[in-house]
Every structure is written in C-alpha cells, then in structure tokens.
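Residues per chain are reported as follows:
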Amino acid sequence: MTAPGNSGSETAAHQQFWGRAGHRLTENEQRRRRQARAYRRRQEHKNREKATEVARRGWELGLVAPWRITAALDSGGHEGPDVDIACGAEEPAVDEWEAGTRYPTFEQLTLLAELTGYGISWFVETDEPIDIRSTTMWGHMNKRAREQWKDPILVCSDDAIGACPGTADYLETHLF
C-alpha cells in the first residue's frame, strides 16, 4: 500500500513516515525508528530462541506436565482427532499425553504450543496447579461436579518418558 499522493514507485527509503498528529518525521527520526524496530525484533528473536532452549532442556528431562496440556487444550476449546492431526500425532496420542501414559516428542510439543497459543516453555514449568478443593470455587460447585472432579495429572510416567526418543531417560536406557 502506498502513502497518499504516492504513485507507488517510491522506494522504502523515500516513503514518508508520520509521527503524532500527522507530523512528518525527519530523516533522522525515521532512521531512529527503523533502528529501534530492528533492535526490538532482534531482542524478541533472541528471547524466543532462549525460551526454546529452556523448553527443550525441560522436555529432555521429562518435565512436560500433563495437566498443562489439558489446561491449554481446554482453554482454547480444542478437542477430538483434529488436535492429534494438528500435533503431528495419531489418535489417541494427545489423550495419552494428558493421561501421562505417553510423552510427546519435542516437535509435537512445538506444534501443540502453536495450536494452543501457549509458549513451549509454559508446558515444562514446574509449579503445580492450585487445588480447587482449597478454594471458594469448591463451595460453589454442585454435588455432581464435585463427584466428577479429578485431580490433575502432574507428571508423565517414567516409562512414557523413557520410551520417547531424545529424552534423557531414553538416551540413558537405549545406549547403543
């Protein structure tokens, strides 16, 4: 899209940039804004790379929390076989991740993060969820909802982690 009055033939260097209240920016102001945007993009890229490294290390150590997978899927209303397909898995893999009986590969975890909008590192954070029974929400739930309540699954089984290629447990038990 070109600025008003431009024929479309102007290069990016000759385009007009606007400041507050319709004031044109000087060349120096334009340059400073471009540099600031480039700096912010580089910093964001570095931060994403660092978060991915932290998440990969957490994944390797078996820290993916099944309750976090469930929370992320529930918050976005994601369910059914489409979730498995979006995560590069075959049914019922995602259900087994939530149950802690299967461990996702790092690539699958990355796809899950993209699907749900949560950062990869969120899935490997080590804090535990609040026990709803210790909150006032428990008192507001009806009897049927209380009976159907299930404790969140905090960790994957050692067998599930050990069976997933690339994890520390897998490498420890499958030395060739």
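My aim in this report is to walk through the structure given alongside it, one point at a time.

Calculation rules
Residues numbered from 1 in each chain as written. Predicted model: local features only at pLDDT ≥ 70, side-chain atom pairs only at ≥ 80, totals over all residues. Heavy atoms only, no water. Helix = DSSP H or I, 4+ residues; strand = E, 2+ residues; numbered from the N terminus. Buried < 20%, exposed > 50% of the residue type's maximum accessible area, 1.4 Å probe, protein only. Contact = heavy atoms within 4.5 Å. Axes fitted to C-alpha atoms, helices over the stretch in contact; angles between N-to-C directions. Left-handed = near helix turned anticlockwise from the far one by under 90°. Nonpolar A, V, L, I, M, F, W, Y, C, P; charged D, E, K, R; others polar. Disulfide = S-S within 2.5 Å. Phe/Tyr/Trp six-rings, centres within 6.5 Å; stacked < 30°, edge-to-face > 60°. Lys NZ or Arg CZ within 6 Å of the ring centre and 35° of its normal. Parallel < 35°, antiparallel > 145°, perpendicular 65-115°, else oblique.

1. Overview of the overall build of the protein chain
Scanning the protein chain from terminus to terminus reveals nine helices and zero strands. Sequence-ordered secondary structure for the protein chain, helices as α and strands as β, is α-α-α-α-α-α-α-α-α. Relative to its 176 residues, the protein chain shows a buried fraction of 25%. Long-range pairs, those at least 24 residues apart, make up 60% of the contacts in the protein chain between residues at least 6 apart in sequence.

2. A few points about the packing of helix H2 (residues 66-76) against helix H5 (residues 106-116)
Running from amino to carboxyl end, H2 crosses H5 at an angle of 35°, the nearest separation of the two axes being 9 Å. In this structure, H2 crosses over H5, and the sense of that crossing is left-handed. Facing H2, whose interface residues are Ile69, Ala72 and Leu73, H5 presents Leu112, Leu115 and Thr116. Of the residues that constitute the contact of H2 with H5, the class distribution is five nonpolar, one polar and no charged.

3. Looking at the state of the cysteines
Applying the stated criterion across every chain yields a total of zero disulfides. Not part of a disulfide, Cys164 finds its nearest cysteine sulfur in Cys156, a span of 9.3 Å.

4. Here's the deal with the packing of aromatic side chains
One pair of aromatic rings is described through two measures. These are the centre distance and the angle between the planes. Applying the stated criterion to the full structure yields seven aromatic pairs. Centroid distance Trp67 to Trp122: 6.4 Å. Interplanar angle 65°. Geometry classified as edge-to-face. Of this pair, Trp67 sits in helix H2 while Trp122 is found in the loop between H5 and helix H6 (136-140), placing the two residues 55 residues apart along the sequence. Taken together, a centroid distance of 4.3 Å and an interplanar angle of 35° make the contact between Tyr118 and Trp122 tilted. Three or more aromatic residues joined by ring pairs make a cluster, and in this case those are Trp67, Tyr118, Trp122 and Phe123. The ring of Trp122 has Arg68 sitting right over it, with the charged end atom 4.5 Å from the ring centre.

5. Description of the packing of helix H1 (residues 27-60) against H5
Two numbers describe how H1 lies on H5: the axes approach to 11 Å, and their chain directions differ by 130°. Relative to H5, the element H1 lies oblique. In this structure, H1 crosses over H5, and the sense of that crossing is right-handed. Packed against H1, whose contacting residues are Thr52, Ala55, Arg56 and Trp59, the element H5 presents Phe106, Glu107 and Leu109 at the interface. Grouping the constituent residues of the contact of H1 with H5 by class yields four nonpolar, one polar and two charged.

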